[in-house]
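What follows is each chain in one-letter form.
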Amino acid sequence: MASRAISLTTTSLGGRLARIWCRHEESGQKGAADHTQGKGRPLKDAPTTWIHRHLALWSRALAPLQPLDAPRARATAWDASWPLQRELTSVRLARRMVTAQLGEWNLEDLADTAELLVSEVVTNALRHTRGPLRLNLQVRGSHLRCEVEDTDPAGPVRRVVDTDAEGGRGTELLDLLSEAWGSTRTATGKTTWFELLTQTPPPKGSPTAD
């Protein structure tokens, strides 16, 4: 019953997806057929040798970590971070927090797309992982980056979905609507992220992209 309830959170957003697609067509953005390497698809897997894996692990382990269940945090005016409970209502709550934060940053034009993709990423984390979750939002130059942290190191898996299926199209939506997306291992699990290109000049005072 719970898994079906989660899946309904994505199908109820069909109207929002239609509006987003119209905006993409009007702005001249290309569809999935024009993807280039690093755009609209996960980044290549990190090196898999024993040395590379352990170097990456220690580099992340030695850096300061934000506990996934810590209260809301703001490292700067252009960073926001919230813990998420393992409840169905967390999907709706994540959408509301992202929309409110984008309003503070004067990035309302990204709200529909960000809401839809946040719903997919959070729903996937609730369905396929255990333990605490954390939602992070950042503005870097002309890019908005959204992250969902969890304690499971396994990355997203592409699945063949029937045309009449009610869900399971999260990776397709990320391919279609995001500028880039991927999954990065951390010392505590992984971070699944996506980036959106702002349609307006970078907000005044926001840091440049890395």
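Attention here is on the structure that accompanies the text. (Residues numbered from 1 in each chain as written. Predicted model: local features only at pLDDT ≥ 70, side-chain atom pairs only at ≥ 80, totals over all residues. Heavy atoms only, no water.)

Description of the sheet that holds strand E2 (residues 133–140)
Step number 1: Taken together, the 5 strands give an open sheet; going across it, the order is E1-E2-E3-E5-E4, and neighbouring strands pair in antiparallel fashion. Whereas interior strands pair on both sides, the edge strands pair on one side only; in this sheet they are strand E1 (79–84) and strand E4 (180–186). Neighbouring strand axes in the sheet, compared pairwise and without regard to direction, differ in orientation by 15 degrees on average.
Step number 2: As paired strands, E4 and strand E5 (residues 189–197) are joined by 7 bridges and run antiparallel to one another. Its bridge partner being in E5, Thr186 is matched across the sheet by Gly189. (Pairing = 2+ DSSP bridges. Helix = DSSP H or I, 4+ residues; strand = E, 2+ residues; numbered from the N terminus. Axes fitted to C-alpha atoms, helices over the stretch in contact; angles between N-to-C directions.)

A look at the pattern of salt bridges
Step number 1: By the definition in use, this model includes 4 salt bridges.
Step number 2: The partner of Arg145 in a salt bridge is Glu195, with the nearest N and O atoms 3.1 Å apart. Placement of Arg145 in strand E3 (residues 143–150) and of Glu195 in strand E5 is noted, with a sequence separation of 50 residues between them. Each member of the pair, Arg145 as well as Glu195, is classed as buried.
Step number 3: A salt bridge links Asp150 to Lys190; the shortest N-O distance between them is 3.0 Å. With a gap of 40 residues between them, Asp150 in strand E3 and Lys190 in strand E5 connect regions that are remote in the sequence. Across this residue pair, the class does not change: Asp150 and Lys190 are buried.
Step number 4: Among the charged side chains, a salt-bridge network with shared partners connects Arg145, Glu147 and Glu195. (Salt bridge = Lys/Arg side-chain N within 4 Å of Asp/Glu carboxyl O. Buried < 20%, exposed > 50% of the residue type's maximum accessible area, 1.4 Å probe, protein only.)

Notes on helix H4 (residues 89–104)
Step number 1: In a regular helix each residue adds 1.5 Å, so 16 residues correspond to 22 Å; H4 covers 23 Å between its end C-alpha atoms and thus fits that length.
Step number 2: All buried positions along H4 are accounted for by Ser90, Val91, Ala94, Arg95, Met97, Val98, Gln101 and Leu102. Buried residues of H4, viewed axially, fall in a sector of 170 degrees; they line one side. Turned more than 90 degrees away from the buried face of H4, the exposed residues are Arg96 and Glu104.
Step number 3: Taken from the residues just after H4, Asn106 is the one with a positive phi, measuring 60 degrees. (Expected span 1.5 Å × (residues − 1). Arc of directions from axis to C-beta.)

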